[in-house]
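Summary of structural features
Listed below, chain by chain, are the residues.
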Amino acid sequence: MNHMRIAMIGTGYVGLVSGACFADFGHQVTCVDKDADKIAALNAGQIPIFEPDLDRLVEANVRSGQLRFTTLLADAVSHADVVFIAVGTPSRRGDGHADISFVYAAAREIAAALRGFTLVVTKSTVPVGTADEIERLIRETNPGADFSVGSNPEFLREGAAIYDFKHPDRIVIGTENERARSLLADVYRPLSLNLGPLMFTTRRTAELIKYAANAFLATKITFINEIADLAEKVGADIQDVAHGIGMDKRIGSKFLHAGPGFGGSCFPKDTRALLKTALDHDSPMRIVEAVLTVNENRKRAMARKVGAMLDNNVHGKKIGVLGLTFKPDTDDMREAPSIALITGLLDQGAIVQAYDPAGMEQARKELPDITYCRDPYACARGVDVLVIVTEWAEFRALDLHRIRREMARPAIVDLRNIYRPSEMLALGFRYEGVGRPMPRKARERAALETLCN
Ligand code: UDX
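Residues numbered from 1 in each chain as written. Predicted model: local features only at pLDDT ≥ 70, side-chain atom pairs only at ≥ 80, totals over all residues. Heavy atoms only, no water.

1. Quick word on the overall build of the protein
Of the regular secondary structure elements, the protein holds 20 helices and 14 strands. In terms of overall size, the protein behaves like a compact globule, its C-alpha atoms giving a radius of gyration of 24 Å where 453 residues would be expected to give roughly 22 Å. Judged by the C-alpha coordinates and their principal axes, the protein covers about 85 × 50 × 45 Å. Scored against the burial criterion, the 453 residues of the protein give a buried share of 55%. Here the protein displays about 20400 Å² of accessible surface, and carbon together with sulfur accounts for 51% of that area. Treating the 57 positive side-chain charges of the protein as one cloud and the 58 negative ones as another, the clouds have centres 3 Å apart. (Helix = DSSP H or I, 4+ residues; strand = E, 2+ residues; numbered from the N terminus. Rg over C-alpha atoms; globule rule 2.2 N^0.38 Å. Buried < 20%, exposed > 50% of the residue type's maximum accessible area, 1.4 Å probe, protein only. Areas by Shrake-Rupley, 256 points an atom, 1.4 Å probe, with all protein chains shown as cover. Lys, Arg positive; Asp, Glu negative; His and termini not counted. Charge placed at Lys NZ, Arg CZ, Asp CG, Glu CD.)

Here it is as structure tokens:
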């Protein structure tokens, strides 16, 4: 295998994970970021994000000399065979389009520093046509440069990022240039040797694959969430419905967990950006449009679901929230369903206390008006209802007798269906999941109320 010299521009989530994994493949990787504090911290061995095993991977590869961090873009680029652009592409204020100004700024800086043939590759999620524009910008900035531009979108999930990077279902490479193809094949050689999941296509196709994949997954989640609402009304069990349809290989069992709606740094932003692209090209996407609206409404509707458990008497009630991050194994709060839920409850006059294993520091910025607890039991103390919002492993193994003793009233709303209704009822809780029937609900509830009075 040829060891590549790689410059990774942007040391955020995707950049840091990809950079560390490429270094682990044996390449020589320089991660670049404008944020001098972040680079100083990384050089001192501190990892700015919460991601399982990332600290060990970074440390091992820094020690072996495969991985380094710098603010000096020009230096890293001039020595690189391949330059990846992994800077952020947040939602632009106002129109929901991806803000690609950071990508273009990076492209201009890269252009000025190119030495010898260099492949420039977008790893950030960028709208269709961005690679063409980068090519134009580089040519304009540095007409003599010898380069090619490719697209290589990243599909890793937060919380499982290293595993996903090293075990991808596919690696999508968009380039029409033979030299670029063979360079990227070398970059990914350690992965393609195993299973050969490399897929070559055009740049625009690669760019669209990324958006289509995320929009499809977001649709799948939203679809099962709406079926869950119907299941509640008709007395069917969404877990069994998901299982029953998921066994059909054409459908597949993944991403069929009903819950409080999707959040995170990708699905909301990327579906919005895809809609904008569709609009610009006069190619309406009604399904994706509906997915976004339904999902936004759903997050807020979760506050009503909790309210229903309190007989719509939320004012002055104490509510415990377990889990704040948009999913487990991350500290990421971006577009987390917990934000809409808690804000909705506060608007109705509730007093909210919460616990999250990793997200509380981030959460304080979004939710300053709630109390943060030291553990799940403190979070259950004195509450009228406990709401499970994120399915962290530690919430699956709670001492439920202790939880019940801590609570003022034993009522649980489980927005991730991590517990079985029958078990919870047997333990003496009023319990409400998502999309699951409560055949004995009325009976149990009456029995409990007699018990509590
Ligand atoms: C996602 C994509 O999975 C990844 O391929 C892409 O590159 C970036 O966006 P990520 O945002 O890290 O990754 O998380 P993911 O595990 O996909 O979950 C996204 C959201 O959907 C979470 O809020 C999660 O709770 C929710 N979800 C997921 C469900 O509600 N039900 C499911 O069945 C799956």
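2. Digging into helix H14 (residues 337–347)
Among the residues making up H14, those that are buried are Pro337, Ser338, Ile339, Leu341, Ile342, Gly344 and Leu345. Residues of H14 that are buried make contact with helix H13 (286–309), strand S9 (318–322), strand S10 (351–355), helix H15 (360–366) and strand S12 (385–388). (Contact = heavy atoms within 4.5 Å.)

3. Comments concerning the site of the ligand
Phe155, Glu158, Lys210, Lys327 and Arg416 are the nearest of the 18 residues found near the ligand. Interatomic distance of 3.5 Å between a backbone N/O atom of Glu154 and an oxygen atom of the ligand. At 2.9 Å from an oxygen atom of the ligand is found a main-chain nitrogen or oxygen belonging to His257. Protein chains shield 93% of the accessible area of the ligand, which is 670 Å² for the free molecule. The element best represented in the shell around the ligand is helix H10 (residues 203–234), accounting for three residues. (Near = heavy atom within 4 Å. Polar contact = N/O pair within 3.5 Å; in protein donor to acceptor, adjacent residues only side chain to side chain.)

4. Details of the side chain of Asn417
Mapped onto the secondary structure, Asn417 falls in the loop between strand S13 (411–414) and helix H19 (421–426). Among the polar contacts made by the side chain of Asn417, one reaches the main-chain amide nitrogen of Val434 at a distance of 2.7 Å. Among the polar contacts listed, one links the side chain of Asn417 to the side chain of Arg436, at a separation of 3.3 Å. Those residues in contact with Asn417 that sit more than four places away from it in its chain are Ile238, Gln239, Tyr431, Gly433, Val434 and Arg436.

5. Quick look at the pairing of S9
Within S9, four of the five residues are buried, which leaves the element mostly enclosed by the surrounding structure. Inspection of the sheet shows S9 paired to S10 by five bridges, in the parallel sense. When the sheet's bridge partners are listed, Val321 is paired in S10 with Ala354. As for the winding sense of the linkage, the β-α-β connection from S9 through H14 to S10 is right-handed. Relative to S12, S9 is paired through four bridges, and the arrangement is parallel. Bridge assignment links Gly320 to a residue of S12, and that residue is Leu386. (Pairing = 2+ DSSP bridges. Right-handed = clockwise from strand over helix to strand, strands pointing away.)

6. As for the domain arrangement of the protein
For the protein, the assigned domains read domain 1 (5–201) and domain 2 (202–453). Here the C-alpha centroids of domain 1 and domain 2 sit 33 Å apart. Counting from both sides, the interface comprises 34 residues of domain 1 and, opposite them, 28 residues of domain 2. Note on domain 1 versus domain 2: buried area summed over both sides is about 2700 Å², and carbon and sulfur give 55% of it. For the pair domain 1 and domain 2, the interface holds five salt bridges. (Domains from an automatic or database assignment. Buried area = accessible area lost by both parts, 1.4 Å probe. Salt bridge = Lys/Arg side-chain N within 4 Å of Asp/Glu carboxyl O.)

7. A word on the pattern of salt bridges
All chains considered together, the criterion is met by 33 salt bridges. Here Asp81 and Arg5 are joined by a salt bridge, their closest N and O atoms 3.0 Å apart. With a gap of 76 residues between them, Asp81 in the loop between helix H4 (73–78) and strand S4 (82–85) and Arg5 in strand S1 (residues 5–9) connect regions that are remote in the sequence. When the shortest N-O distance is used, the salt bridge between Asp53 and Arg56 registers 2.4 Å. With relative accessibility at 42%, the residue Asp53 sits in the partly exposed group. Beyond isolated ion pairs, a larger network of salt bridges with shared partners links Asp132, Glu135, Arg139, Arg203 and Arg204.

8. Quick word on the pairing of S10
Most of S10 sits inside the fold, with four of its five residues counted as buried. Pairing geometry for S10 and strand S11 (residues 371–372), over two bridges, is parallel. Across the sheet, the residue bridging to Ala354 is Tyr372, located in S11. Tracing the backbone out of S10, into H15 and back to the parallel element S11 gives a crossover that is right-handed.

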